[in-house]
Amino acid sequence: MDPFALSTFTGAGFREAGRFFVFREVIGMKIGFVGLGAMGQGMVGQLLQSGHAVKVWNRSPGPVEQAIEQGAEAAKSARAVAESCELMVSMLPDDHVIHKVLVESKALDALPKGGLHVNMATVSPGFARGMAALHRRLGSHYLAAPVLGRPDVAAAGKLNIVVAGVPEVRERATPVLETLGQKTWPVGDEPERANVVKIAANFMLATAIESMGEASALTRAYGIGADTFLEIVTNTLFAAPAYQGYGKMIREASYTPAGMKMTWGLKDIGLALQASQEERVPLPFAGVLRDSLLDALACGDGDKDWSAMAETTARRAKLDER
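Reading guide: rules and limits
Residues numbered from 1 in each chain as written. Predicted model: local features only at pLDDT ≥ 70, side-chain atom pairs only at ≥ 80, totals over all residues. Heavy atoms only, no water. Pairing = 2+ DSSP bridges. Helix = DSSP H or I, 4+ residues; strand = E, 2+ residues; numbered from the N terminus. Buried < 20%, exposed > 50% of the residue type's maximum accessible area, 1.4 Å probe, protein only. Polar contact = N/O pair within 3.5 Å; in protein donor to acceptor, adjacent residues only side chain to side chain. Contact = heavy atoms within 4.5 Å. 1 Å grid on protein atoms, 1.4 Å probe; cavity = no way out; pocket = protein on both sides within 12 Å on 5 of 7 lines; lining within 4 Å. Points joined across faces, edges and corners; volume = space filled by probe spheres on them.

Draft legend 1. Focus on the sheet that holds strand E11 (residues 159-163). In spatial order, the strands read E10-E11-E12; together these three strands make up an open sheet with mixed pairing. With one partner strand each, in any of the chains shown, strand E10 (147-148) and strand E12 (181-186) form the two edges of the open sheet. Sheet topology places E11 next to E12; five bridges connect them, and they run parallel. For Ile161, the partnering residue across the bridge sits in E12 and is Thr184.

Draft legend 2. Structural view of the side chain of Ser140. With respect to the helices and strands, Ser140 occurs in the loop between helix H5 (125-138) and strand E9 (141-144). Given a relative accessible area of 6%, Ser140 falls into the buried group. For Ser140, the side chain forms a polar contact with the side chain of His135, separated by 2.8 Å. With residues up to four places along the chain from it excluded, the contact list for Ser140 reads Leu111, Pro112, Gly114, Gly115 and His135.

Draft legend 3. Representation of the layout of surface pockets in the model. Estimates place the volume of the largest pocket at around 1100 Å³. As for the largest pocket, its lining consists of 44 residues, and the residues nearest its centre are Val147, Gly149, Arg150, Lys198 and Met260. Secondary structure elements with two or more residues in the lining of the largest pocket: helix H1 (38-49), E10, helix H8 (192-221), helix H10 (241-252) and helix H11 (262-279). Take the lining of the largest pocket: its biggest share by element is seven residues, from H8.

What follows is the structure, encoded as structure tokens:
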């Protein structure tokens, strides 16, 4: 018997044996992606799995080759990415690199009129304002969409994405953002608002890591292992994903490969201090975090995950010499 003999098709799905099945047509977009670091690689994989055509460029060739194996197309330059896409995503490390790769190279000039650039990196509020102004002059659109989540979360398409930009621009980016994340959090029309949320969130994460490191050093000095102490507090008073995730890394001294390098952490705390100065908002603890991160970098820990700040505290207390 024809398996569809008992089915009735409609514009939204089909009904079979009393059940209604909903389906939607997936229309792939031509997406450009610049920046294939630990986060970008997983994000490109999600876009490809969702049926989008993705053209990629990265400053080093290794990640590009991996993306090609997944079905992406390589571009010769960031400008070549921009001139051939409906929507361009960038995931580059900081203000300086973004300016060099996209502004100095004139890559943004190559975006089609009315084109959309979604910047998913953590940048300073001032830089976000400047990028929005530049896009307006060029006749294109800019959306700030920094993400909350580590590389494994990006690869699973489970990021939380903080979005700021005018409503019609946010709407255009929705299919891509829904592919990359489990939820989007709109925070207004001005792009810098999204970046301030991300900077403040990273400030809180660094605070949690520093506090766990300091508290663990105190308990270790009294003969109570960090493993015991952190297991207690992350299953009682601080039973939250950030404390549990970073607490586990500290307990196991598992700092490589880094999801968030110490150098990136220092950059983000610097952004918090810069933003606080701009609006005259004291952040006393940010200075403590900056010094802890500088200490770690001075000791050669720049490529370790920033959860290794706990080792900095233990080193200061000379626990291994007791």
